[in-house]
Amino acid sequence: MLHNKFWQALFAIGPIAMLFLGMIAYFIFLFFLFGNMDDLHSNPNNVSASMILGNLGGS
């Protein structure tokens, strides 16, 4: 076992902190991806992506 309090705290809190930072980075990525979706599909014959995705959360 590790007898140093610093290393015990680092190995205990480090994975939890990395999990939360990874989740934040993932949601920021999704925010920018969905924010630019209309620019990615700018064909006038297609239905707007915000029209399709906007109705997914509704019940």
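The structure presented is a predicted model; accordingly, all values stated were derived computationally and were not measured.

Cut-offs applied
- The residue numbers shown here count from 1 along each chain, following its written sequence.
- Note on the predicted model: pLDDT of at least 70 is required for a residue's local features to be given, and 80 or more for side-chain atom pairs to be given and counted; whole-chain, interface and lining totals, by contrast, use all residues.
- The side-chain quantities take in all heavy atoms of the structure and omit both hydrogens and water.
- Segments assigned H or I by DSSP are reported as helices when at least four residues long, segments assigned E as strands when at least two residues long, and all are numbered from the N terminus.
- Only protein chains enter the area calculation, which uses a 1.4 Å probe; residues under 20% of their type maximum are buried, those over 50% are exposed, and those in between are partly exposed.
- Note on areas: Shrake-Rupley with a 1.4 Å probe; residue coverage comes only from the protein chains shown.
- In a helix, the anticipated span is given by 1.5 Å times the number of residues less one.
- The quantity called bend is, for any residue, the angle between two axes fitted respectively to the seven residues ending at it and the seven beginning at it.
- Nitrogen and oxygen atoms within 3.5 Å of one another constitute a polar contact, given that in protein one can donate a hydrogen and the other can accept it, and given that sequence-neighbouring residues count only through two side-chain atoms.
- Predictor confidence is given residue by residue as pLDDT, running from a minimum of 0 to a maximum of 100.
- Here is the rule: rings of Phe, Tyr and Trp (six-membered ring for Trp) pair when centre to centre is within 6.5 Å. Planes less than 30 degrees apart are stacked, more than 60 are edge-to-face, and the remainder are tilted.

K.L.:
Account for the overall build of the protein chain, with residues named and values stated.
P.N.:
Scanning the protein chain from N- to C-terminus turns up three helices and zero strands. When each of the 59 residues of the protein chain is scored for burial, the buried share is 5%. Entry remark: accessible area of the protein chain is about 5,600 Å², with carbon and sulfur atoms responsible for 72%.

K.L.:
Now, about helix α1 (residues 5-35): what can you tell me, with residues and values included?
P.N.:
In an α-helix, one turn spans 3.6 residues, which is why side chains three or four residues apart end up on the same side. Given a rise of 1.5 Å per residue, 31 residues ought to cover 45 Å, and the 44 Å separating the end C-alpha atoms of α1 matches this to within 8%. Ile 13 marks where α1 bends most, by close to 30°; the proline Pro 15 follows one to four residues later. The opening residue of α1 is Asn 4, an N-cap whose side-chain oxygen sits 3.2 Å from the backbone nitrogen of Phe 6.

K.L.:
I'd love a proper account of the confidence of the model for the protein chain, names of residues and values included.
P.N.:
For the protein chain, mean pLDDT is 79; residues scoring 70 or higher make up 59% of the total. When mean pLDDT is compared element by element in the protein chain, α1 scores highest at 91, while helix α2 (residues 37-40) scores lowest at 64.

K.L.:
Any details on the packing of aromatic side chains? Residues and values, ideally.
P.N.:
The tally for this structure, following the rule as stated, stands at four aromatic pairs. Each ring, one from Phe 31 and one from Phe 32, has its centre 5.6 Å from the other, and the planes form 70°; the classification is edge-to-face. Three or more aromatic residues joined by ring pairs make a cluster, and in this case those are Phe 6, Trp 7 and Phe 11.

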